[in-house]
Amino acid sequence: VRPNGNITREEATAALYRLLSESKKSEITADVNIYTDVDTSRWSNVSISSMSKGGYVGGYDNATFMPDKAITRAEFATIAVRFVNSSDIISDNNVVYNDVADHWAASSIYAASARGIMKGYEDGSFHPNDYITRAEAMAVINRMTSRAADANSLIAGAKTWSDVSESDWYYYDVMEATNSHT
């Protein structure tokens, strides 16, 4: 699973595209896009093209998407709040991060925090420009979809991973995200 590894922009986009309802997918499905670096033959093309058409993801000013680039926590927060239709600015949020005030994604970061989708760190920071780990992304997606797991809710015979231990903070998030549901 590589829980401490980075997740790319295309992997994050594809994961969230899979979570859309069938009616939403049929509304936004596309196989063409404006990005010069996302060819129609790319494995993630439909996910990127569709999520872009739906307004969930965007590219860069130079008409690229940079699908292989690791996604930052700020970019992921922005996509997450768009996904759950929570992009409105939060004015009474009691969470303040010491590294977000002038960031381009500040309103999305605060919206994600106010809704419990994303969290900062114990030192009062959010690290918006750091890459989000695969484990962090799974935890966020679980919160976005109101999915949670614990020892009592895991299905019998749940798949385990050699690089994920029960003592890891993300154990149940990974188990929830990577196993079937009954």
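Residues numbered from 1 in each chain as written. Predicted model: local features only at pLDDT ≥ 70, side-chain atom pairs only at ≥ 80, totals over all residues. Heavy atoms only, no water.

**Notes on the side chain of N179**
One can find N179 in the segment after α7 (171-178). Residue class for N179 comes out buried when judged on its relative accessible area of 13%. At a separation of 2.6 Å, a polar atom in the side chain of N179 contacts the main-chain amide nitrogen of K159. In this structure the side chain of N179 is engaged in a polar contact, spanning 3.1 Å, whose partner is the backbone oxygen of M175. Ignoring sequence-local partners within four residues, the contact set of N179 consists of A158 and K159. (Helix = DSSP H or I, 4+ residues; strand = E, 2+ residues; numbered from the N terminus. Buried < 20%, exposed > 50% of the residue type's maximum accessible area, 1.4 Å probe, protein only. Polar contact = N/O pair within 3.5 Å; in protein donor to acceptor, adjacent residues only side chain to side chain. Contact = heavy atoms within 4.5 Å.)

**Description of the packing of aromatic side chains**
Under the criterion given, the structure shown has 6 aromatic pairs. Look at Y35 and F65: their rings are 5.2 Å apart centre to centre, the planes differ by 50°, and that puts the pair in the tilted class. Of this pair, Y35 sits in the loop between α2 (22-28) and α3 (45-53) while F65 sits in the loop between α3 and α4 (73-83), and the two are 30 residues apart along the sequence. Residues Y56 and F83 carry aromatic rings whose centres are separated by 5.9 Å and whose planes lie at 50° to one another, so their mutual orientation is tilted. Placement of Y56 in the loop between α3 and α4 and of F83 in helix α4 is noted, with a sequence separation of 27 residues between them. Judged by relative accessible area, which is 14%, F83 ranks as buried. Over the aromatic face of F65 sits the side chain of R9, whose NZ or CZ is 4.3 Å from the ring centroid. The aromatic ring of W161 is capped on one face by K159, whose charged end is 4.5 Å from the ring centroid. (Phe/Tyr/Trp six-rings, centres within 6.5 Å; stacked < 30°, edge-to-face > 60°. Lys NZ or Arg CZ within 6 Å of the ring centre and 35° of its normal.)

**Focus on the environment of E166**
Summarising the element assignment, E166 is placed in the loop between α6 (134-144) and α7. Here the alpha-carbon distance between E166 and G54, two residues 112 residues apart in the chain, equals 37 Å. Ignoring any residue separated from it by four or fewer positions in sequence, one finds E166 in contact with Y171 and Y172.

**A few points about the pattern of salt bridges**
Taken as a whole, this structure holds 8 salt bridges when the rule is applied. The salt bridge involving E75 is made with R9; its shortest N-O contact spans 3.2 Å. With a gap of 66 residues between them, E75 in helix α4 and R9 in helix α1 (residues 9-19) connect regions that are remote in the sequence. The pair formed by E75 and R9 is uniform in burial state, with each residue classed as buried. (Salt bridge = Lys/Arg side-chain N within 4 Å of Asp/Glu carboxyl O.)

**Quick look at the nonpolar core**
Counting residues in hydrophobic clusters, the biggest one holds 37 residues, and the most contacted among them are M51, F76, I109, M118, I132, V140 and M144. Sequence-distant contacts of V140, defined by excluding residues within four places in its chain, comprise F76, A80, I117, M118 and I132. Counting residues in hydrophobic clusters, the runner-up holds 8 residues, among them A135, M138, A158 and Y171. (Core = buried A, V, L, I, M, F, W, Y, C linked by side-chain atoms within 4.5 Å.)

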